[in-house]
Amino acid sequence: MNRMIENTRRLLAIGLLVLAASCSTSNTLAPTPDVTNAEIAGFQNVQPGSEEDFILNVGRRTYFTQGSAALDSVAKATLDTQIAWLAKHPRWLLKLQGFADDPGASETALSQQRADAVMGYLAAGGIDRNRIWAKGYGKDRLVRDCPDAACRSQNRRVVSNLRDERDES
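J.: Just to check I follow, could you spell out the confidence of the model for the chain for this structure?
T.: Reading fine detail from the predicted coordinates is not recommended where pLDDT is low. For the chain, the mean per-residue pLDDT works out to 81, and 64% of the residues sit at or above 70. Helix H1 (residues 2–22) is the least confidently modelled element of the chain, averaging 62 in pLDDT, while helix H3 (residues 73–88) averages 97, the highest of any element.

Right, dumping it as structure tokens:
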């Protein structure tokens, strides 16, 4: 019986040593490559000047505070990036779609004011007004339909959509 207990202890000790060795923090393992700037699968073929380039690298949504059509510094930074991109790629037209989900406001009027504010900023930045048009949609096409104020903020936006030709819909 004593011999069996001693063998069991030895096996447990060996098992613990093997386990400890597998948890070693030595530098014998290959280092993990830095993949922060690695290309993302499926996006290697994004062509500069393409709609995908605009969506991925520029950003097409401009957000607003509740009840307002005023552009804040974050909105202006987004639009400055759009201006630079549109100046480099003059073949594109831009449809601005305004949205509002603001209690107590005329959503259609406010969404049009937001789209017009974006259009005015882009034009002041050098983008030809003939390349841009704006339409307010009010509460149509909500990103999120929810009562929570933080959630509703996603609906207070203007979306900049590239077009090959003008469409008024």
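What follows continues from the structure just given.
J.: What should I look at first to understand the pattern of salt bridges in this one?
T.: Proximity of charged atoms lets side chains of opposite charge pair with each other. In this structure the tally under the stated criterion is three salt bridges. In this structure, Asp164 and Arg91 form a salt bridge, with 3.0 Å as the shortest nitrogen-oxygen distance. Here the residue Asp164 occupies a position in the segment after strand S4 (157–163), and Arg91 occupies one in the loop between H3 and strand S2 (93–99), the gap between them amounting to 73 residues. The exposed category is assigned to Asp164, whose relative accessible area is 57%. Between Arg163 and Asp167 there is a salt bridge, with the nearest N and O atoms lying 2.9 Å from each other. Overall, Arg163 belongs to the partly exposed group, its relative accessible area being 23%. The exposure class of Asp167 is partly exposed, given its relative accessible area of 21%. Linked through salt bridges whose partners overlap, the residues forming this network are Lys95, Arg163 and Asp167.

J.: Help me understand the pairing of S2, please; the structure alone is not making it clear to me.
T.: Looking along a regular strand, one sees the side chains alternate between the two faces of the sheet. With seven of seven residues buried, S2 is to be regarded as a mostly interior element. Of the two faces of S2, the one holding Leu93, Lys95, Gln97 and Phe99 and the one holding Leu94, Leu96 and Gly98 are both buried throughout. Where S2 and S4 come together, seven bridges link them in antiparallel fashion. Bridge pairing in S4 links Leu94 to Leu162. Examined bridge by bridge, S2 and strand S3 (residues 132–136) share five bridges and lie parallel to one another. Counterpart to Gly98 in the pairing with S3 is Gly136.

J.: It is not clear to me how helix H4 (residues 107–124) should be interpreted in this structure. Could you clarify?
T.: An α-helix turns once per 3.6 residues; consequently, residues spaced three or four apart project the same way. Compared with an ideal rise of 1.5 Å per residue, which puts 18 residues at 26 Å, H4 spans 25 Å between its outermost C-alpha atoms and is within 8% of the ideal. Within H4, burial applies to Glu107, Leu110, Ser111, Arg114, Ala115, Val118, Met119, Leu122 and Ala123. For H4, the secondary structure elements touched by its buried residues are strand S1 (61–63), H3, S2, S3 and S4. One or two steps after H4, the chain reaches Gly126, where phi turns positive at roughly 110°.

J.: Would you mind showing me how to read the packing of aromatic side chains here?
T.: Ring pairs (aromatic) are described by centroid distance and by the angle formed between their planes. Per the counting criterion, the structure on display carries two aromatic pairs. The interplanar angle of 20° and the centroid separation of 5.6 Å between the aromatic rings of Phe99 and Tyr137 together place this pair among those described as stacked. Linking Phe99 in strand S2 with Tyr137 in the loop between S3 and helix H5 (149–152), this pair joins segments that are 38 residues apart in sequence. The burial state of Phe99 is the same as that of Tyr137; both residues are buried.

J.: I tried to follow the packing of H3 against H4 on my own but got confused; where do I start?
T.: Two measures define how a pair of helices packs: the angle their axes make with one another and the distance between the axes. Where H3 meets H4, the closest approach of the two axes is 10 Å, and the angle between their N-to-C directions is 50°. Comparing the axis directions of H3 and H4 gives the class oblique. For the pair H3 and H4, the crossing hand works out as right-handed. Here Lys76, Leu79, Asp80, Gln82 and Ile83 of H3 come into contact with H4, specifically with Val118, Tyr121 and Leu122.

J.: Help me understand H3, please; the structure alone is not making it clear to me.
T.: Helix length check: H3 (16 residues) gives 23 Å between terminal C-alpha atoms against 22 Å at 1.5 Å per residue, within 8%. Of the surrounding secondary structure, the elements contacted by the buried residues of H3 are helix H2 (51–57), S1, S2, H4 and S4. Between a side-chain oxygen at the N-terminus of H3 and the backbone nitrogen of Val74 the separation is 3.2 Å; the capping residue is Asp72.

Criteria and thresholds
- Residues numbered from 1 in each chain as written.
- Predicted model: local features only at pLDDT ≥ 70, side-chain atom pairs only at ≥ 80, totals over all residues.
- Heavy atoms only, no water.
- pLDDT = per-residue confidence, 0-100.
- Helix = DSSP H or I, 4+ residues; strand = E, 2+ residues; numbered from the N terminus.
- Salt bridge = Lys/Arg side-chain N within 4 Å of Asp/Glu carboxyl O.
- Buried < 20%, exposed > 50% of the residue type's maximum accessible area, 1.4 Å probe, protein only.
- Pairing = 2+ DSSP bridges.
- Expected span 1.5 Å × (residues − 1).
- Contact = heavy atoms within 4.5 Å.
- Phe/Tyr/Trp six-rings, centres within 6.5 Å; stacked < 30°, edge-to-face > 60°.
- Axes fitted to C-alpha atoms, helices over the stretch in contact; angles between N-to-C directions.
- Parallel < 35°, antiparallel > 145°, perpendicular 65-115°, else oblique.
- Left-handed = near helix turned anticlockwise from the far one by under 90°.
- Polar contact = N/O pair within 3.5 Å; in protein donor to acceptor, adjacent residues only side chain to side chain.

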